[in-house]
Amino acid sequence: MRLIAASFLVLLTAVAAPASGPPIVVSARTLLATNAVHPGQTARLAVLARIEPGYHINDHKPTLDYLIPTKIEFETPPSMKVEKVVYPHGKQVKFDFLDSPISVYEGEIRLGSVLKVDGSVKPGTYHLRGKFMYQACNDYACLPPTSVPFEASVRVAPASVPLKPANAEIFKTINFK
């Protein structure tokens, strides 16, 4: 009888315990360099990713072939197209489990993208989605590769409406060349 009660208690605990997946290590958000964009023009968009302390993610161009690169992908409305994505250079870090340093991202990283708006698009607000894909590691192990979603609202204004700069302190740190 005790064995049945103990088995039931173990089963009840397993069912009542919340499922826990890998920790959320990265969050991502977007910013535009202007308050709007004109039809037929380009807009600069930044993706800011925050990596939790104690973790790093691989550079977009990893040092070793078997490392999984960090990258972003976009889903844009038909009237918009991402023409370019720029990634920052990683930081060379030496880990005890490797013979030489590897290039990784830690803390906050800023990625830039250039968004082309079709000349025929009508004024209004358009939404794009994307995902920031990465593999996070700490000094002892790597988590499975994963991604976090991000969204951006892009306001298209008539050509007669002047655009105002926004988020200049962020965009001056992104090398779009």
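Since the model is a prediction, treat every value here as computed from it, not as a measurement.

## Section: the overall build of the protein chain
Then step 1. Within the protein chain, the regular secondary structure consists of 2 helices and 11 strands.
Then step 2. Secondary structure elements in the protein chain, listed N-terminal to C-terminal, are α-β-β-β-β-β-β-β-β-β-β-β-α.
Then step 3. Within the protein chain, the fraction of its 177 residues that count as buried is 35%.
Then step 4. Sequence separation of at least 24 residues holds for 73% of the intrachain contacts in the protein chain that already meet a minimum separation of 6.
Then step 5. Of the roughly 11000 Å² of accessible surface on the protein chain, 57% is carried by carbon and sulfur atoms.

## Considerations on the packing of aromatic side chains
Then step 1. For the coordinates displayed, the defined rule picks out 4 aromatic pairs.
Then step 2. Considering the side-chain rings of Phe132 and Tyr134, the 6.0 Å spacing of their centres and the 45 degrees angle between planes classify their relative orientation as tilted. For the pair Phe132 and Tyr134, one class covers both residues: buried.
Then step 3. Ring geometry for Phe171 against Phe176: centres 6.4 Å apart, planes inclined by 15 degrees, an arrangement best described as stacked. In this structure, Phe171 and Phe176 share a single accessibility class: buried.
Then step 4. When the ring centre of Phe176 is taken as reference, the NZ or CZ atom of Arg44 above it lies at 4.1 Å.

## Some thoughts on the pattern of salt bridges
Then step 1. The tally for this structure, following the rule as stated, stands at 3 salt bridges.
Then step 2. The closest approach of N and O atoms between Glu73 and Lys71, which form a salt bridge, is 4.0 Å.
Then step 3. Given the relative accessible area of 35%, Lys71 is considered partly exposed.
Then step 4. Note that Lys91 is salt-bridged to Glu106, the shortest N-O span being 3.1 Å.

## Some points on the pairing of strand 7 (residues 102–105)
Then step 1. Here strand 7 shows two buried faces, one formed by Ile102 and Val104 and the other by Ser103 and Tyr105.
Then step 2. Bridge count for strand 3 (residues 56–58) against strand 7 is 2 bridges, and the pairing is antiparallel. Paired with Ile57 across the bridge in strand 7 is Tyr105.
Then step 3. Two elements, strand 6 (residues 91–93) and strand 7, share 3 bridges in a ladder whose sense is antiparallel. Residue Lys91 lies in a different strand from strand 7, and its bridge partner there is Val104.

## A short note on the state of the cysteines
Think of a disulfide as a covalent bridge from one cysteine sulfur atom to another cysteine sulfur atom.
Then step 1. Applying the stated criterion to the full structure yields 1 disulfide.
Then step 2. Covalently, Cys137 is tied to Cys142 through a disulfide, its sulfur atoms 2.0 Å apart. Looking down the S-S bond of the Cys137 and Cys142 bridge, the torsion is 100 degrees, so its handedness is right-handed.
Then step 3. Given the relative accessible area of 47%, Cys142 is considered partly exposed.

## Considering unusual backbone geometry
Then step 1. A positive phi angle, close to 55 degrees, is found at Asn167, a residue other than glycine.
Then step 2. With a relative accessible area of 24%, Asn167 lands in the partly exposed category.

## Regarding the nonpolar core
Then step 1. In terms of nonpolar packing, the biggest core is built from 29 residues, with Val26, Ile57, Phe132 and Tyr134 touching the most fellow members.
Then step 2. Of all elements in the fold, only strand 1 (26–32), strand 2 (42–51), strand 4 (71–75), strand 8 (108–117), strand 9 (124–134) and strand 11 (146–156) reach the threshold of two or more residues within this core.
Then step 3. Ignoring sequence-local partners within four residues, the contact set of Ile57 consists of Val26, Ile51, Thr70, Val104, Tyr105, Ile109, Phe132, Tyr134, Gln135 and Ala136.
Then step 4. Counting residues in hydrophobic clusters, the runner-up holds 10 residues, among them Ala46, Val114, Ile174 and Phe176.

Quick notes on the rules
- Residues numbered from 1 in each chain as written.
- Predicted model: local features only at pLDDT ≥ 70, side-chain atom pairs only at ≥ 80, totals over all residues.
- Heavy atoms only, no water.
- Helix = DSSP H or I, 4+ residues; strand = E, 2+ residues; numbered from the N terminus.
- Buried < 20%, exposed > 50% of the residue type's maximum accessible area, 1.4 Å probe, protein only.
- Contact = heavy atoms within 4.5 Å.
- Areas by Shrake-Rupley, 256 points an atom, 1.4 Å probe, with all protein chains shown as cover.
- Phe/Tyr/Trp six-rings, centres within 6.5 Å; stacked < 30°, edge-to-face > 60°.
- Lys NZ or Arg CZ within 6 Å of the ring centre and 35° of its normal.
- Salt bridge = Lys/Arg side-chain N within 4 Å of Asp/Glu carboxyl O.
- Pairing = 2+ DSSP bridges.
- Disulfide = S-S within 2.5 Å.
- Core = buried A, V, L, I, M, F, W, Y, C linked by side-chain atoms within 4.5 Å.

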